[in-house]
Amino acid sequence: MRAKLEVLALVLGFIGLFGTIAITAMPMWRVTAFIGANIIVMEELWEGLWMNCYRQADIKMQCKVYDSLLILPPELQAARALMCVSIVLVVIALCIAGCGTKKSKCCDNNIRSKNITLALGASLYLLSFVTTLIPVSWVGHTVISNFYNPAVVDSQKRELGEALFIGWATSGILLITGIILLFSFSKRRSEEEEPYADAYLMGSRDIKKEGSVQLERTPSSSHRHQEYV
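Residues numbered from 1 in each chain as written. Predicted model: local features only at pLDDT ≥ 70, side-chain atom pairs only at ≥ 80, totals over all residues. Heavy atoms only, no water.

Chemist: Please clarify how the packing of aromatic side chains should be interpreted in this entry.
Modeler: What describes a pair of aromatic rings is the distance from one ring centre to the other and the angle between the planes of the rings. Considering all chains together, one arrives at two aromatic pairs under this definition. Taking the centre distance of 5.2 Å and the plane angle of 80 degrees together, the rings of Phe147 and Tyr148 count as edge-to-face. The partly exposed category is assigned to Phe147, whose relative accessible area is 23%. Look at Phe165 and Trp168: their rings are 5.8 Å apart centre to centre, the planes differ by 70 degrees, and that puts the pair in the edge-to-face class. Highlighted residues: Phe165 and Trp168, both in helix H5 (residues 162-217), separated by three residues, approximately one helical turn. Taking the relative accessible area as the measure of exposure, Phe165 reaches 49% and is therefore partly exposed. With relative accessibility at 30%, the residue Trp168 sits in the partly exposed group. The side chain of Lys157 reaches across the aromatic face of Phe147, ending 5.9 Å from its centre. (Phe/Tyr/Trp six-rings, centres within 6.5 Å; stacked < 30°, edge-to-face > 60°. Buried < 20%, exposed > 50% of the residue type's maximum accessible area, 1.4 Å probe, protein only. Helix = DSSP H or I, 4+ residues; strand = E, 2+ residues; numbered from the N terminus. Lys NZ or Arg CZ within 6 Å of the ring centre and 35° of its normal.)

Chemist: What exactly am I supposed to notice about the pairing of strand S3 (residues 51-56) here?
Modeler: Regular strands place their side chains on alternate faces of the sheet. One ladder, built from five bridges, connects strand S2 (residues 43-47) with S3; its direction is antiparallel. Note on S3: the bridge partner recorded for Glu43 is Gln56. Linking S2 back to S3 in an antiparallel pair, the connection comprises three residues. Summarising the sheet, S3 and strand S4 (residues 62-65) pair through four bridges and their orientation is antiparallel. What sits directly across from Met51, in S4, is Val65. (Pairing = 2+ DSSP bridges.)

Chemist: Is there a simple way to explain the state of the cysteines in this structure?
Modeler: A covalent bond between the sulfur atoms of two cysteines is what we call a disulfide. All told, the structure shown has one disulfide when counted by the stated rule. Residue pairing for Cys53: its cysteine sulfur links by disulfide to Cys63, the two sulfurs lying 2.0 Å apart. A torsion of 105 degrees about the S-S bond marks the disulfide between Cys53 and Cys63 as right-handed. In this pair, Cys53 sits in strand S3 while Cys63 sits in strand S4, placing the two residues ten residues apart along the sequence. With no disulfide of its own, Cys95 has Cys99 as its nearest cysteine by sulfur position, at a separation of 7.2 Å. Exposure remark for Cys95: the relative accessible area of 48% places this residue in the partly exposed category. (Disulfide = S-S within 2.5 Å.)

Chemist: What should I look at first to understand the nonpolar core in this one?
Modeler: Here is a general trend for soluble globular proteins: nonpolar side chains tend to be buried in one another's company. Of all hydrophobic cores here, the largest spans 19 residues; its most connected members are Leu17, Val90, Leu124, Tyr125, Leu174, Ile180 and Leu181. Every element with two or more residues in this core is listed here: helix H1 (2-25), helix H3 (74-100), helix H4 (111-147) and H5. Here this core takes seven residues from H3, the largest share from any one element. Beyond its immediate chain neighbours, meaning those up to four positions away, Leu181 contacts Ala9, Ala97, Leu118, Gly121, Ala122 and Tyr125. Counting 16 residues, the second-largest nonpolar core is a separate cluster that includes Ile23, Tyr66, Met83 and Val143. (Core = buried A, V, L, I, M, F, W, Y, C linked by side-chain atoms within 4.5 Å. Contact = heavy atoms within 4.5 Å.)

Chemist: For this particular structure, what's the right way to read the packing of H3 against H4?
Modeler: Helix-helix packing is described using two parameters, namely the angle between the two axes and the distance between the axes. In contact at an axis separation of 8 Å, H3 and H4 are set at 160 degrees when each is read in the N-to-C sense. With respect to H4, the element H3 is oriented roughly antiparallel. Where H3 crosses over H4, the handedness of that crossing is left-handed. The residue inventory of the contact of H3 with H4, partitioned by class, reads 24 nonpolar, eight polar and two charged. (Axes fitted to C-alpha atoms, helices over the stretch in contact; angles between N-to-C directions. Parallel < 35°, antiparallel > 145°, perpendicular 65-115°, else oblique. Left-handed = near helix turned anticlockwise from the far one by under 90°. Nonpolar A, V, L, I, M, F, W, Y, C, P; charged D, E, K, R; others polar.)

Chemist: What am I meant to see in the pattern of salt bridges here?
Modeler: Side chains that carry opposite charge are capable of pairing whenever their charged atoms lie near each other. One pass over the full model with this rule turns up four salt bridges. A salt bridge links Arg30 to Glu75; its shortest N-O distance comes to 3.5 Å. In this pair, Arg30 is assigned in strand S1 (residues 30-32) and Glu75 in helix H3, connecting sequence segments 45 residues apart. One salt bridge connects Lys64 with Asp67, and the closest N-O pair in it is separated by 3.7 Å. When salt bridges that share partners are traced, they join Arg30, Glu47, Glu75 and Arg158 into one network. (Salt bridge = Lys/Arg side-chain N within 4 Å of Asp/Glu carboxyl O.)

Structure representation (structure tokens):
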């Protein structure tokens, strides 16, 4: 059963990797809100971490890479850095967790080393969950705050893009993956400690038996007095 859970965790890890790469590359973090004057103009604008895409009426959508990182708002600048960190963490976690599974031949089948490797992979998955959730939630919070802010003109208001929803789903997958690996680690850890506990109990029993034998062989003082008489 635990082997199947570890395989499931690896599959979810691959899905999490594809998800982090997809949301990092997608330009649909913030999209045009069709309210007020935007309904008449029908201009569609997508804003991502690396480029923005623009389309008006029946004109084909055109995308342009940002000329400078400094023109981005603070939340998108932080999101770009954190999402790159997330991709690196997921790749490392996937490799480490794969070496820590029971069916892998890494660590020369050393159970203790595999357990440590599995725990490290789970920790990296949980860390990648945090680095994915923070930028997605930050951008989402900014979009919603500006949308309901009366000081922001309608042309500057945006809605939540598809990349944010995929980001929330991906962060959930990464969290579940880390929890599954930690659960597998805890079970294997308890199995690893069982032989040491059994050996300790057997050793304590042997000590008790030796003490009882020595007590049985020790003659009492009254018995010695009767033999003397």
